[in-house]
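Read off the chains here:
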Amino acid sequence: MQQTPEKLEIIRPDDFHVHFRDSSMLAAVVPETARHFARAIVMPNLVPPVVSVAQALDYRQRIVSHCDEGFEPLMTLYLTETTTVDELQKAADVDEIKAVKLYPAGATTNSASGVTDVKRVMPLLESMARSGLTLCVHGEVTDPDVDIFDREAVFIDRILEPVRRELPELRIVMEHITTSDGVDFVRSGSANLAATVTPHHLILNRNDLLVGGIRPHYYCLPIVKREKHRVALRKAVTSGDCRFFLGTDSAPHTTETKEAACGCAGVFNASNTMACLAQVFEEEGALQNLEAFCSLNGADFYRLPHNTERLVLQKATKPVSFPSTLAVAGDSEQTVTVFDPGMDIYWTVVDHT
Ligand code: NCD
Ligand code: ZN
């Protein structure tokens, strides 16, 4: 990585957790990710979910029709209680598929087909431990009696720690961690355990979501937590520790469905993630570790080669602004609201080769 006060050049980054959706939304958001990222782990929570290798490969075709050859989608399968060991073996043998996603049933957007009891999928997880296929986990319990702010910590105790102990060979990514409990859990694990972190959880705490009026565009799952958790996440990602890497969890919903009496969960940040992260890492005095977090650690965990292209960020003397919305292709009425970090950002991506 080369660094001067105004310019920062890093290996082109990857996004290890993104939602692209389908149809007109897919067409609108794929170019936003492909502009800055070389590869992305694409979440399978479509309606209906991507449960088979054939569906994942079809979906991949639809994605690549909206970007040029420089961008590579890395596909995932949605784990259900009826998934078969055979299908997982097939997935492990297909180069385009890199992971399987476990959603606890009811935990988040389009998770109804998820897992109601992890015991029911243990034989499947055992087969993944053998084949080396990575398990991506949405780490929240769904029990109505567990407070929404405690759901990640309780999931670690009740589900993830026992699975890790029973299947130490299973490669697990705890997706979008939001708490110091998540950080500590990953730090205490082996090289088979890692976590993704989103830009918005490095920037927002729950006051930003709720004080002075509810901000629907800051509502996502897992929900943003107390300040001490945001601080712990920042420390983890800026430390250079190879078990933490970028997963934006860019999750587009139309502005209309976010600004509603029962608004959808998800932050759309694909357009300005790299600028926001440069700002965060600069604030933490850790610009030298931005490349590890965005471009090296995730690739190493997934055993992928490092990208050869580069990304150049430039620091302006005044705060920069970003478009606040993205039009949804083919429908001039619908927009997606772009993440507003709520703080001055001085960085922009100026070049990628
Ligand atoms: C995601 C979505 O909209 O698909 N929403 C979110 O708040 N993060 C699902 C998810 O990753 O939980
Ligand atoms: Zn997600």
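One can find the structure itself at the top, above this paragraph.
Values in this document were obtained by computation on a predicted structure and should not be read as measured data. (Residues numbered from 1 in each chain as written. Chains lettered and ligands numbered in written order. Predicted model: local features only at pLDDT ≥ 70, side-chain atom pairs only at ≥ 80, totals over all residues. Heavy atoms only, no water.)

S.K.: Hey, could you go over the pattern of salt bridges for me, with residue numbers and the actual values?
M.R.: Counting across every chain of the model gives 15 salt bridges. In this structure, arginine 35 engages glutamate 32 in a salt bridge whose closest nitrogen and oxygen atoms are separated by 3.1 Å. Taken together, the residues arginine 35 and glutamate 32, both in helix H1 (residues 23-36) and three residues apart, mark about one turn of the helix. Here glutamate 32 falls in the buried class, since its relative accessible area comes to 9%. Arginine 234 is the partner of glutamate 284 in a salt bridge, and the nearest nitrogen-oxygen pair spans 2.8 Å. Placement of the pair is glutamate 284 in the loop between helix H11 (273-283) and helix H12 (290-301) and arginine 234 in helix H9 (residues 227-238), with a sequence separation of 50 residues. (Salt bridge = Lys/Arg side-chain N within 4 Å of Asp/Glu carboxyl O. Helix = DSSP H or I, 4+ residues; strand = E, 2+ residues; numbered from the N terminus. Buried < 20%, exposed > 50% of the residue type's maximum accessible area, 1.4 Å probe, protein only.)

S.K.: Before we move on, can you summarise the environment of threonine 257 with the specific residues and values?
M.R.: Mapped onto the elements, threonine 257 comes out in helix H10 (residues 255-258). Threonine 257 gets classed as partly exposed once you look at its relative accessible area, which sits at 32%. For the pair threonine 257 and glutamate 87, spaced 170 residues apart in sequence, the C-alpha separation works out to 35 Å. A polar side-chain atom of threonine 257 sits 2.9 Å from the main-chain carbonyl oxygen of threonine 254. (Polar contact = N/O pair within 3.5 Å; in protein donor to acceptor, adjacent residues only side chain to side chain.)

S.K.: Could you give me a rundown of the site of ligand 1, with the residues and numbers involved?
M.R.: Neighbouring ligand 1 are 15 residues; Arg21, Thr108, Leu221, Asp249 and His253 lie closest to it. Here a nitrogen atom of ligand 1 sits 2.7 Å away from a polar atom, N or O, in the side chain of aspartate 249. One of the side-chain N or O atoms of histidine 253 is found 2.8 Å from an oxygen atom in ligand 1. Relative to its free-state accessible area of 310 Å², ligand 1 is covered by the protein chains to the extent of 100%. Residues that form the shell around ligand 1 fall into these classes: four nonpolar, nine polar and two charged. (Near = heavy atom within 4 Å. Areas by Shrake-Rupley, 256 points an atom, 1.4 Å probe, with all protein chains shown as cover. Nonpolar A, V, L, I, M, F, W, Y, C, P; charged D, E, K, R; others polar.)

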